[in-house]
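Chain by chain, the residues:
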Amino acid sequence: MAGTLAEKVWDAHIVRRGTEGAPDLLYIDLHLVHEVTSPQAFEGLRLAGRPVRRPDLTIATEDHNTPTLDIDRPIADLTSRTQIQTLRNNAAEFGVRLHSLGDADQGIVHQVGPQLGLTMPGLTVVCGDSHTSTHGAFGALAFGIGTSEVEHVLATQTLPLAPFKTMAITVDGTLPPGTTSKDIILAIIAKIGTGGGQGYVLEYRGEAIRALSMEARMTICNMSIEAGARAGMIAPDETTFEYLKGRPHAPEGADWDAAVDYWRTLRSDDDAVFDAEVVLEASDLEPFVTWGTNPGQGLPLSASVPVPAEIADENERVAAERALEYMGLTPGTPLRQIPVDTVFIGSCTNGRIEDLRSVAKVVRGRKKADSVRVLVVPSSARVRLQAEAEGLDQIFLDFGAEWRNAGCSMCLGMNPDQLAPGERSASTSNRNFEGRQGKGGRTHLVSPLVAAATAIRGTLSSIADLGPDVVAPDGSPLTDSHADMQPA
Amino acid sequence: MEKFAQHTGVGVPLRRSNVDTDQIIPAVYLKRVTRTGFEDALFAAWRGDPEFVLNQDAYRPGSVLVAGPDFGTGSSREHAVWALKDYGFRAVLSPRFADIFRGNSGKQGLLAAQVAQEDIELIWKVLETHPGTEVTVDLVAKQARCADVVVPIHVDDYTRWRLMEGLDDIGLTLQHEAEITEFESRREPWRPLTLPAKHLPPVEIVAARPVVPTLPTGDDALV
Ligand code: SF4
């Protein structure tokens with residue numbers, strides 16, 4: 001029977017089919033754990049006297065609370081320290097592998113899985129974090145779960161799951177220079193809305209997606225949740241296999257061959273039926289930025305801050321008014337004229353080596369605007385090492401940026417890296433909710449290239465604003481679509 | 001888990017759409033390692049505003065939240081459900097819920113019931129003209145009642161059954177442990193194991209140090 005990619009992976013994991021409206025019981029191949037959503041889950045296990053069923057399918061790291069400075073000193077914030085210490089105690093008590101702050105394999109949980117080669121096509125991957133959708137870039141069915149589901153997976157290695165609908169998002173054409181996969185996903189979210197993916201697993205396909213590197217694909221799948229979707233997926237191909245091969249946990253020898261044979265079957269059949277379809281033309285895209293307080297409130301950089309009075313839908317109008325008030329923006333202001341205080345380059349959306357390389361290409365030999373502070377935060381300790389091996393750290397420092405240790409950092413206001421009230425950022429992260437980057441902080445979501453150009457000019461900018469020499473400093477286009485990555 | 005068949009309590013009109021989990025409970029409260037005591041964290045960013053609905057005496061004892069569409073979007077934090085429950089809410093009505101939030105609610109015994117937008121408007125009208133009016137949420141009859149307004153609520157059959165029986169998830173699944181073990185015995189050898197741990201050689205990670213800070217200034221230039 002014809003099936004979609006998501007249905008194929010789902011079907012291969014059914015332990016028990018649900019009857020009479022009960023959900024299917026699905027087996028979970030890989031469970032990623034971090035310090036924020038796990039303490040109460042372990043507490044639940046302890047209270048019920050239950051062990052972790054499969055420590056060998058579980059891996060933990062510290063990312064949300066960790067500082068990105070002075071990581072060799074005790075964590076100053078007491079509650080952060082407690083949460084991290086609790087994870088360390090739980091990992092030791094339940095026999096779970098943990099990569100702690102200071103360990104070379106520590107990093108944002110969604111970077112740790114892929115870089116160790118644990119994230120693979122055809123797996124079910126869960127984590128108590130909504131951006132687990134990142135792993136869908138490999139053709140895995142990966143989604144965020146809540147703490148009681150974390151406890152459920154720890155105890156049973158399964159999850160009862162209600163069926164989902166499937167949506168095909170086809171991105172045709174070629175990305176213009178200066179645009180990236182971040183612009184693709186921001187455009188998709190602006191098009192279908194933050195609720196548009198509700199109940200769906202999105203499958204990204206088409207020429208523009210095929211041309212993307214593994215890391216650029218992760219950026220897209222990462223933000224599926226911002227469209228309200230359960231998960232996002234991309235069918236595995238040579239790009240996927242090449243990324244995986246040789247990584248520490250990638251299969252070897254006959255296992256590798258068997259895996260690749262199977263992975264090649266993981267694509268939606270030609271006659272598979274999706275519940276919804278969306279088509280987008282990549283060559284029409286421009287650098288995208290958000291102006292509001294949800295990721296769907298985004299526009300091409302050439303546009304102006306919207307005028308709420310011109311919005312017909314009442315809910316949307318009220319939401320826009322509220323957003324503009326919070327953001328401190330005047331309707332009609334060209335987006336390019338908005339000055340920012342901080343540029344944040346990092347997070348599980350855009351803190352990988354390719355992102356750092358593309359930023360370094362733009363800022364090399366330049367100075368940041370005086371009015372702006374620039375934070376560059378690698379998504380994992382290994383990414384940091386790789387960047388340093390390539391000399392990127394020096395480029396950032398010469399530019400006037402801060403070069404930090406790995407973690408979630410300013411993506412969310414849980415660690416010392418925060419916006420002050422009223423402070424405005426251009427951020428390569430994924431959420432611009434009120435207070436997300438610190439109480440009263442104002443966030444514009446952007447691609448790494450827009451972040452770099454903005455850091456130079458001090459107002460929201462694209463690399464086109466920097467003049468033609470920067471568009472192609474060494475003759476290559478500044479898109480991330482063809483960048484390659486060696487295992488870090 | 002407590003059984004849930006019907007609940008009656010003061011209705012709280014929350015005239016906002018897209019109430020994401022960062023609004024329900026800001027990230028700073030997520031650092032706690034316990035499962036209870038989150039009542040003060042609920043809508044923390046709004047609670048300082050005297051106009052906010054929960055700061056009005058009539059609504060303060062509320063236990064049925066009546067919200068606009070796309071409630072519970074954003075981060076998967078289950079703390080959002082704990083905070084609502086700790087405050088005293090037993091049910092949330094909204095035209096549309098984020099999937100993860102709805103899933104989390106069902107597991108914690110908080111009813112997330114879908115109600116058509118026009119029906120929400122009817123209930124809002126009653127609650128706003130007569131603050132303190134009670135709303136009855138009836139899982140048996142699948143309806144919500146508020147003064148003379150009676151509207152259908154939608155909850156999927158499985159969640160409804162679980163709520164009415166007060167069933168714990170893990171216990172339910174472990175009834176099928178033999179099937180899980182059987183499934184595991186068929187797992188292909190290429191699928192990854194996290195243990196024994198494999199990784200690239202360990203390398204010492206040098207700690208980044210603070211630079212002399214250029215203090216950010218709040219930006220109000222565009223007001
Ligand atoms: S970087 Fe941001 S979105 Fe990603 S896991 Fe960390 S907090 Fe979540």
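Below you will find a few notes about this structure. Everything quoted here is computed from the prediction, not taken from an experiment.

Considered as a void within the structure, the largest pocket measures approximately 930 Å³ in volume. In this structure, the largest pocket is lined by 35 residues; those nearest its centre are Ala 162 of chain A together with Asp 99, Arg 102, Gly 103 and Asp 156 of chain B. Of all elements in the fold, only strand S7 (141–144) and strand S8 (158–161) of chain A together with helix H4 (99–108), strand S4 (111–114) and helix H6 (157–165) of chain B reach the threshold of two or more residues within the lining of the largest pocket. Considered class by class, the residues forming the lining of the largest pocket number 15 nonpolar, 10 polar and 10 charged.

Here we take up the environment of Pro 248 of chain A. Looking at the secondary structure, you find Pro 248 of chain A in the loop between helix H9 (238–244) and helix H10 (253–263). Note on Pro 248 of chain A: relative accessible area 17%, which makes it buried. When near neighbours in sequence (up to four residues on either side) are disregarded, Pro 248 of chain A contacts Gln 115 and Leu 116 of chain A together with Lys 198, His 199 and Leu 200 of chain B.

Attention shifts here to the site of the ligand. All names here are of chain A. Around the ligand, the surrounding shell consists of His 64, Ile 108, His 110, Asp 129, His 131, Ser 347, Cys 348, Cys 408, Cys 411, Leu 412, Asn 430 and Arg 436. Judged by its atoms lying within 2 Å of the grid points, the ligand is housed in the largest cavity. Broken down by class, the residue content of the shell around the ligand amounts to five nonpolar, five polar and two charged.

Taken as a whole, this structure holds seven cavities of 30 Å³ or more when the rule is applied. Taken as a whole, the largest cavity spans an internal volume of roughly 230 Å³. Lining the largest cavity are 23 residues, with His 64, Asp 129, His 131, Leu 412 and Arg 436 of chain A positioned closest to its centre. When the residues that make up the lining of the largest cavity are grouped by side-chain class, the tally is eight nonpolar, 11 polar and four charged. Taken together, 16 residues line the second largest cavity, and the ones lying closest to its centre are Ile 225 and Gly 228 of chain A together with Thr 73, Gly 74 and Ala 98 of chain B.

Looking now at the pattern of salt bridges. Oppositely charged side chains can form a pair if their charged atoms are brought close together. For the structure shown, the criterion picks out 39 salt bridges over all chains. A salt bridge links Arg 96 of chain B to Asp 70 of chain B; the shortest N-O distance between them is 2.8 Å. One end of the pair, Arg 96 of chain B, is in the loop between strand S3 (91–94) and H4; the other, Asp 70 of chain B, is in the loop between strand S2 (64–67) and helix H3 (79–87), with 26 residues separating them in the sequence. Note on Arg 96 of chain B: relative accessible area 37%, which makes it partly exposed. Glu 188 of chain B is paired through a salt bridge with Arg 191 of chain B; the nearest N and O atoms lie 2.7 Å apart. A relative accessible area of 31% means that Glu 188 of chain B is categorised as partly exposed. Three or more residues joined by partner-sharing salt bridges are found here, namely Arg 53, Arg 54 and Asp 56 of chain A together with Glu 177 and Glu 184 of chain B.

On to the sheet that holds strand S4 (residues 58–61) of chain A. All names here are of chain A. Sheet architecture is open: five strands sit in the order S5-S4-S3-S6-S7, paired in parallel fashion. The open sheet has two edge strands, strand S5 (97–99) and S7, and neither has a second partner. Ignoring which end each strand starts from, the neighbouring axes of this sheet average 20° apart.

This part is about the packing of helix H6 (residues 181–192) of chain A against helix H8 (residues 214–222) of chain A. Residue and element names in this part refer to chain A. Their axes nearest at 8 Å, the elements H6 and H8 cross at an angle of 20°. As the angle between them shows, H6 and H8 are arranged roughly parallel. The two elements H6 and H8 cross, and the hand of that crossing is right-handed. Contacts from Ser 181, Lys 182, Ile 184 and Ile 185 of H6 reach H8 at Ala 216, Thr 219 and Ile 220.

The next thing to look at is the packing of helix H13 (residues 353–363) of chain A against helix H16 (residues 448–457) of chain A. All names here are of chain A. The contact between H13 and H16 brings their axes to 9 Å, and the two run at 30°. Like other packed secondary-structure pairs, H13 and H16 cross with a definite hand, here right-handed. Contact residues: Asp 355, Ser 358, Val 359, Val 362 and Val 363 in H13; Pro 448, Leu 449, Ala 452 and Ile 456 in H16.

Once that is clear, we can look at the nonpolar core. The nonpolar side chains of soluble globular proteins are, as a tendency, buried together. Residue and element names in this part refer to chain A. Formed by 91 residues in total, the largest nonpolar core has its most connected members in Phe 42, Ile 169, Val 171, Ile 184, Ile 188, Tyr 204 and Trp 263. The leading source of residues in this core is H6, at seven residues. One finds Val 363, Ala 369, Ala 426 and Ala 453 within the second-largest nonpolar core, a separate group that totals 46 residues.

The rules behind the values
- Residues numbered from 1 in each chain as written.
- Chains lettered and ligands numbered in written order.
- Predicted model: local features only at pLDDT ≥ 70, side-chain atom pairs only at ≥ 80, totals over all residues.
- Heavy atoms only, no water.
- 1 Å grid on protein atoms, 1.4 Å probe; cavity = no way out; pocket = protein on both sides within 12 Å on 5 of 7 lines; lining within 4 Å.
- Points joined across faces, edges and corners; volume = space filled by probe spheres on them.
- Helix = DSSP H or I, 4+ residues; strand = E, 2+ residues; numbered from the N terminus.
- Nonpolar A, V, L, I, M, F, W, Y, C, P; charged D, E, K, R; others polar.
- Buried < 20%, exposed > 50% of the residue type's maximum accessible area, 1.4 Å probe, protein only.
- Contact = heavy atoms within 4.5 Å.
- Near = heavy atom within 4 Å.
- Sits in = over half its atoms within 2 Å of the grid points.
- Salt bridge = Lys/Arg side-chain N within 4 Å of Asp/Glu carboxyl O.
- Pairing = 2+ DSSP bridges.
- Axes fitted to C-alpha atoms, helices over the stretch in contact; angles between N-to-C directions.
- Parallel < 35°, antiparallel > 145°, perpendicular 65-115°, else oblique.
- Left-handed = near helix turned anticlockwise from the far one by under 90°.
- Core = buried A, V, L, I, M, F, W, Y, C linked by side-chain atoms within 4.5 Å.

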